[in-house]
4 protein chains.
Amino acid sequence: MALSVEKTSSGREYKVKDLSQADFGRLEIELAEVEMPGLMACRAEFGPSQPFKGARISGSLHMTIQTAVLIETLTALGAEVRWCSCNIFSTQDHAAAAIARDSAAVFAWKGETLEEYWWCTERCLDWGVGGGPDLIVDDGGDATLLIHEGVKAEEEFEKSGKVPDPESTDNAEFKIVLTIIRDGLKSDPSKYRKMKERLVGVSEETTTGVKRLYQMQETGALLFPAINVNDSVTKSKFDNLYGCRHSLPDGLMRATDVMIAGKVAVVCGYGDVGKGCAAALKQAGARVIVTEIDPICALQALMEGLQVLTLEDVVSEADIFVTTTGNKDIIMVDHMRKMKNNAIVCNIGHFDNEIDMLGLETYPGVKRITIKPQTDRWVFPETNTGIIVLAEGRLMNLGCATGHPSFVMSCSFTNQVIAQLELWKEKSTGKYEKKVYVLPKHLDEKVAALHLGKLGARLTKLSKSQADYISVPVEGPYKPAHYRY
Amino acid sequence: MALSVEKTSSGREYKVKDLSQADFGRLEIELAEVEMPGLMACRAEFGPSQPFKGARISGSLHMTIQTAVLIETLTALGAEVRWCSCNIFSTQDHAAAAIARDSAAVFAWKGETLEEYWWCTERCLDWGVGGGPDLIVDDGGDATLLIHEGVKAEEEFEKSGKVPDPESTDNAEFKIVLTIIRDGLKSDPSKYRKMKERLVGVSEETTTGVKRLYQMQETGALLFPAINVNDSVTKSKFDNLYGCRHSLPDGLMRATDVMIAGKVAVVCGYGDVGKGCAAALKQAGARVIVTEIDPICALQALMEGLQVLTLEDVVSEADIFVTTTGNKDIIMVDHMRKMKNNAIVCNIGHFDNEIDMLGLETYPGVKRITIKPQTDRWVFPETNTGIIVLAEGRLMNLGCATGHPSFVMSCSFTNQVIAQLELWKEKSTGKYEKKVYVLPKHLDEKVAALHLGKLGARLTKLSKSQADYISVPVEGPYKPAHYRY
Amino acid sequence: MALSVEKTSSGREYKVKDLSQADFGRLEIELAEVEMPGLMACRAEFGPSQPFKGARISGSLHMTIQTAVLIETLTALGAEVRWCSCNIFSTQDHAAAAIARDSAAVFAWKGETLEEYWWCTERCLDWGVGGGPDLIVDDGGDATLLIHEGVKAEEEFEKSGKVPDPESTDNAEFKIVLTIIRDGLKSDPSKYRKMKERLVGVSEETTTGVKRLYQMQETGALLFPAINVNDSVTKSKFDNLYGCRHSLPDGLMRATDVMIAGKVAVVCGYGDVGKGCAAALKQAGARVIVTEIDPICALQALMEGLQVLTLEDVVSEADIFVTTTGNKDIIMVDHMRKMKNNAIVCNIGHFDNEIDMLGLETYPGVKRITIKPQTDRWVFPETNTGIIVLAEGRLMNLGCATGHPSFVMSCSFTNQVIAQLELWKEKSTGKYEKKVYVLPKHLDEKVAALHLGKLGARLTKLSKSQADYISVPVEGPYKPAHYRY
Amino acid sequence: MALSVEKTSSGREYKVKDLSQADFGRLEIELAEVEMPGLMACRAEFGPSQPFKGARISGSLHMTIQTAVLIETLTALGAEVRWCSCNIFSTQDHAAAAIARDSAAVFAWKGETLEEYWWCTERCLDWGVGGGPDLIVDDGGDATLLIHEGVKAEEEFEKSGKVPDPESTDNAEFKIVLTIIRDGLKSDPSKYRKMKERLVGVSEETTTGVKRLYQMQETGALLFPAINVNDSVTKSKFDNLYGCRHSLPDGLMRATDVMIAGKVAVVCGYGDVGKGCAAALKQAGARVIVTEIDPICALQALMEGLQVLTLEDVVSEADIFVTTTGNKDIIMVDHMRKMKNNAIVCNIGHFDNEIDMLGLETYPGVKRITIKPQTDRWVFPETNTGIIVLAEGRLMNLGCATGHPSFVMSCSFTNQVIAQLELWKEKSTGKYEKKVYVLPKHLDEKVAALHLGKLGARLTKLSKSQADYISVPVEGPYKPAHYRY
């Protein structure tokens, strides 16, 4: 797409695939609202007082129907919002269109190139006069990364006059990041530092982004407070687990229509995401084999009747491979060469480096046959057999299907709203330093409570004497911090 | 669509949505072949001897990718083939395109009107000079019905000069059938009788069609031999059960993206189809309630931990309703009025009369909002709440997704090929009278055996003394006819 | 035990372990009654009219608490009853005591020798003056066998003066049968023929016994009518499946306390019993591997995510082995030698010849260490590792636990009562020839219906027009005879 | 039993039910060793260096076969051991006999009175000259409680001359504790203070005991360091979850033989124990309803398809009730009165105050019928219907069956051994203050690793660059402290 910003009649900027899909997007947003009781409860509780009045929020998070409900919850609470997706394939174009038309500045479409992706991210952070956003909603940490790299480059440039050198890295994507920053330096050598100054904080959605934040906290590099939304129980033990249990088979079926029953499936990693994937595959009738580095997670897999082996043990016998590790270099081209004809290879971890796509693409003589968008058959010259790779190694549930369903995302996003409210409310109190925080347990329990009514549940109430007996307040929180659920 | 037959460069007739999708269809057909070992084994075993040389086969069966592999198996064995779909929404247009271009005469597209549907059926049966087909592959019995009604009308016309009166029936679809026959009488008053004469037999795919056949056998009205493929174990206990276990959630997810976990789902009917649906919903985390008329099936549901209640008991509390009964008038508009806002209502039984669509459409003041094709929200005026109806009450797995996956359809369709071979081979021997037959158990076992290797299974072999001990041949069949599996 | 008949104060014969356990047995019988609604409904419906008035019923069927409720249902309907167990380990001594004291002549105790077993069987059939029973309830067919062998011997003896020669067979158990018959010939050379004359018929409980009956029907050797209770849907698809799903893990846990989760379990045979066993093991967290001869059953196992291999493939890697085949020579001593230390080997099929106990017992240098009754560790001299064999290779759920639970046995036994009533009612009508019959479907459905209320189920009622549409009576039966459930 | 200490020929004290069961116990201990690879690995790794040389360990923990393997691991590492059970019904008498004869001083039998229970506890802590133990293994905290109450009383007595007054409490059990302490004051008014002086620390097994410890830490009352073994992942997420998933149905089946399939089961509490119980019941075919106070746990239950209601909602419809809360007053007599006839009521939480046994016992006109030990039917006079209470409201898996299986207890107990080693190693370093500690993650992972080989698992190894990428050491620990598994 030509990379030029467009404007609505009211003057709001956007860049989406097709604004005419807005009506369709609006219909699905309305359906989703019924499935997202936590967000709707936030609108009811906080809407009247407009707590985000005056706040600019930039979000880098899959631009789906569910995210649309999040965005419109933020605007319903008074915020101005700019948004981009955090994955080149995860945007639902009708959702983007509806939001662009009705609610917020959106820069996102399904099937961005990497250059387009980072252009969108930059647009999302750029509020024109007055610098950047007050608050960031991040997923995977790319918005946060861009600011941190930008500030680093500006400081180096001020000190030594040196500009970032895209050739200094082998990583194709990081080259682009450096190029953007280098080019920006020319027009405004303090752009990212101004952003940093204004920024109240970030709330981060996912394991991978959180890991980056803790690393920065460790080295003292973190430039603003961060709330780790991922580790709210109502996020990581719900979205990661139950969301993937839903969306992994959804992605597999939409991309390949393959019968899961009877197949041998390998799930690499048995964390929350892996647990959800393995459960879904087992329930669908596959025989599931898990690979793990962590003996505790491995033992959990065994207790569920799953076999624990190494990828090498099973690479030539399995039909379906899913990476969920959050680590890199899990399935290499050398593994892929040994797989059965039409073995399916996909990733549901945040980044695409779990699968060695570079090795595959550059394999001598390999042939890529695109069955349909996000479903490619790669044929090896030696054997003339092929494997099927989904979403080019990126998040297959978002690339090949529509991601997690609304209900579970309502849990995650209600945590986001609460985190953003908390950062904004405490912006001048010094409560939050340049560190990573998790939400207090009573808010976590509140998020859960907001989702019970929709499912017809009725909670039991503690009596005072029972509460005293187990030393908790009658109204909670009910568990110690270390409780694992 | 304008109802005119088109021709390929080689002169073969067709009518499909878009012939340019043939390449895409071909790619998916090639993937499906790998998943359909039974059909491919038939090609390997029988292809060389061309047993269908000279046979004309007409098929009325969902024109999907899997059916494409069936069709090309029939042509690989020497047959000439004409095809239509047996459901207005079930055609996959790229599959139809590939077959039309490469292999057989196809009249089918997704989203036919009822008039178009019956026009296609008629085209499929019309082989021009020399009358109709030698063999029919039927699914639901519509092709068989048309011939039987046609013959009846011709005989009445010959006897009394009376032509069928479309106004004699309230049933909108049957009106069309009568119109077609009436109009045909003018041009050729013995068309269907000539068809009947030529016809060797039909092999019927599904419960509903089989039921019709047995009723005709009962009354002596059956005009040609029929093989009941549905009641092969490798059909009804596989496709109906495991196929639906796969394709029901697939349809739900593609149509609505709804989170199944935590929801209350009602499955009407606990036969093979209902068992598959209930298993899928339970595994996805729903709480499943079954409605049943048969105490044995009800007790089976209870043994799996499912609740058995009447629809009236739960109509206002459930989130998802699925009909699987093969009966009519299961969910009436009066039920739908009482449902929760955005309750999902769908049918996975063969015919669309399980859900009272007519009652819904004619409900005073009701408003239909099409979210996307095959997903409609119907809003009742009194409550201003809506329900979501999938595929207009027709088979939701084919209307909203792609139907059963290839592997399980390979079982069903291998039975079809074997049935067609059997009818053709015995066409002059009198082995098959005008009755309904099931395939012998050793062929049923053979179908299963053809599918084991793909899944890495290794069978145990009976010793002679073991075989004698249980009084079966070493090579099978292994079970008495009444065995239930 | 000394083999002498004892008598109650009222003069009824018995031989049990310990009559003082009768109170305990009575308490458990009373609990079981609440769980056996089918039998209690029979008492309510038929008790007042005393249909068995004057009938002598002999039963050879595991003398458990559940059987006690069956026996007392028969007596409540007017019958006189004599009973023995059909397995040397399956008697629950407190159940036997309660029945012996209160209701019927019982000859059964847990841990009979084979000689004792056949003595009990003979006692059970011997009604003194007037010959044998009018009706037999059989399980596995031993009572039926004894009569058939007896008649054969008597006829031979009359013809040629030859008596049976126990040395003519290698089978230890059959030696005993021949001895009993031979010895009986001396005192009364027409005893079994008189029995045969009086006998109205037998109702047979289990697959194994039914197989014998069909073999005799085939060869014309069957001496009286037989009702195949096993193949009532409410028997074989309930007791065999759900009963074993319950009682297999129960037996394993009581015998060995072994943790099932994480273990590799091999289930030999995937019929109804194997399906129940495999489901139980999978649910408990084992990884289950199935061995099968029948490709259809094998494919069913695959569809449930189970691996299908041969015993040889996995013999040295699995932890638990269960035979369920109804065939012989499944696990041989040569397999057992290769198993892991403390692998558990057990059988839940009717006869003990699935496991090569003779091979094990006679293995040179093997050492048997009895952990507790029915749990033996057998140590091989070469490796000094051992395997654990349950119930000496006999039905482990009855040998090591208490067999199937009451509720599911209520289904089976209600079929028995109905079968016995049917035989008795038609004793003079000639309705039943010397053939094997199954109960009509409406009675099968009735048995199910009697069990729904206890579980809180509510059936849906067909309307007349719905019933007509699917061509069934409103009140059932609802399915064709070949329906598989 | 007469409360007098007996002595083995070697002079070791004991009091058990029947020393002649020692051989049987030994056989089962040998079987258990094969299933407890963690403990056996500890013997192999630490045995040679005899790290517990000179250490006196007192344990208050269910005296089962598994505990026997723990005790003999402690003695194999050089410790002297005295032991009692922490529940009046949980002792396996043959295990106690084997240990008493061969390895350690044991005071425990199945079916102690409360007086006997506390006498055993006192014996266990009493090492004669030199005061008490160096280390305590506690389960539920009763040993720790006795010392803390003892010290408190001694201090009060020293200060004011006041002795504890058993009449000051309504709690029957606490009366006994006060009596013991009061009586002890006379003979030695500094007995518990001497114990405290010597004590290096305690390792506590279970949630309930841990809760008490944290309360004491909070108020500063804790007298010695404590290691919270319960919250090792390899304990609470294994033993509590997978252990109960195994032992709950085991207890139900041994106690009542009830068919679980088809029943409605209520699980009160959905923590680790509740999750295990609910999973087991669901898998066995029950319909499971959960009661919860914590909205997060409630939402987890819903995601698994379980209904969440209050006890009042379902009390009259359910068949089986299980308490797992760790709280008190869950099922009151007023609930029990409203239950169905023969509803089963049981507790698997640590203490027996979850079920209102006192209310039941003192209900006017209630009748108790003991079916067999630990299975009582209580009949209410108004309705003449009864409920079945297991193990008198105490831990039903230990009272009615044999508790958790060896394999999962090996995880728990390996944590115990490691905790004891840690306390003993650091006894003079001041590393541990009078606080509650959990074991470091690398030890937790080690425990898991020791259990993988037995189940045939093969771990994947991180490469250095992968480890760096996720910022963990190659050899672990792999997860942050807050990770929930």
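Note that residues are indexed from 1 along each chain, following the sequence as it is written. The lettering of chains begins at A and the numbering of ligands begins at 1, in the order of writing. Only residues with pLDDT of at least 70 get local features here, since the model is predicted, and only at 80 or more are side-chain atom pairs given and counted; chain-wide, interface and lining totals rely on the full set of residues. Hydrogens are left out, water is left out, and the side-chain values use all remaining heavy atoms of the structure.

Superposing chain D onto chain A takes a rotation of 180° plus a shift of 0.0 Å along the axis, which leaves an RMSD of 0.0 Å. On this basis, the relationship between the two copies can be described by a two-fold rotation axis. If distances are taken from each C-alpha of chain D to the rotation axis, the shortest is found for R484 of chain D, at 2.2 Å. Contacts are residue-level and defined by heavy atoms, with any inter-residue pair within 4.5 Å sufficient. When the interface residues of chain D are mapped onto chain A, 100% of them again fall at the interface, so both copies present the same face. The copies are overlaid by a least-squares fit using only the C-alpha atoms of residues whose pLDDT is at least 70 in both copies.

Now for unusual backbone geometry. All names here are of chain B. Residue P477 follows G476 across a cis peptide bond; omega there is 0°. One non-glycine residue, D257, lies in the positive phi region at around 55°. Strands are runs of DSSP state E lasting at least 2 residues, helices are runs of H or I lasting at least 4, and numbering of each runs from the N terminus. Inspection of the secondary structure assignment puts D257 in the loop between helix 11 (239-256) and strand 9 (264-268). For every residue, the accessible area (1.4 Å probe, protein chains only) is compared with the maximum for its type, and the residue is labelled buried under 20%, exposed over 50%, or partly exposed between those bounds. Relative accessible area serves as the criterion here: at 10%, D257 is assigned to the buried category.

It is worth spelling out the domain arrangement of chain A at this point. Residues and elements named next belong to chain A. Domain extents, as shown, originate in an automatic or database domain assignment. As far as domains go, chain A holds domain 1 (4-138 + 140-203) and domain 2 (241-398). Each of domain 1 and domain 2 has a C-alpha centre, and these two points are 30 Å apart. Counting from both sides, the interface comprises eleven residues of domain 1 and, opposite them, eight residues of domain 2. Both sides together, the interface formed by domain 1 and domain 2 hides about 900 Å², and carbon and sulfur atoms give 59% of it. Computed with a 1.4 Å rolling probe, the buried area is the accessible surface lost when two parts are put together, summed over both parts. The largest contributions to the domain 1 side of the interface with domain 2 come from N87, F89 and G140, which together make up 49% of the buried area.

The salt bridge definition used is simple: a Lys or Arg side-chain nitrogen within 4 Å of an Asp or Glu carboxyl oxygen. With the rule as written, the count across this model stands at 163 salt bridges over all chains. For K175 of chain C, the salt bridge is made with E167 of chain C, and the minimal N-O distance between the two is 3.9 Å. Residue K338 of chain D is joined to D334 of chain D by a salt bridge in which the shortest nitrogen-to-oxygen separation is 3.3 Å. Judged by relative accessible area, D334 of chain D falls into the partly exposed class, the value being 36%. Shared partners join several salt bridges into a network, and the residues in it are D23, R26, E72, R101 and D102 of chain A.

A few words on the interface of chain D and chain C. On the side of chain C, 38 residues touch chain D, which itself brings 38 residues to the contact. Of the roughly 3,400 Å² buried where chain D meets chain C, counting both sides, 60% is carbon and sulfur surface. The tally of links from chain D across to chain C stands at six salt bridges. The closest approach of N and O atoms between K372 of chain C and E28 of chain D, which form a salt bridge, is 3.6 Å. Nitrogen and oxygen atoms within 3.5 Å of one another constitute a polar contact, given that in protein one can donate a hydrogen and the other can accept it, and given that sequence-neighbouring residues count only through two side-chain atoms. The interface formed by chain D and chain C holds eleven residue pairs in polar contact (both at pLDDT 80 or more) in total. When contributions to the side of chain D that touches chain C are tallied by element, the ones reaching two or more residues are helix 1 (22-35), helix 11 (239-256), strand 14 (367-372) and helix 18 (406-425) of chain D. As a working rule, the residues Ala, Val, Leu, Ile, Met, Phe, Trp, Tyr, Cys and Pro are called nonpolar, Asp, Glu, Lys and Arg charged, and the rest polar, with Gly in that last group. Its residues assigned to classes, the side of chain D that touches chain C shows 18 nonpolar, nine polar and eleven charged.

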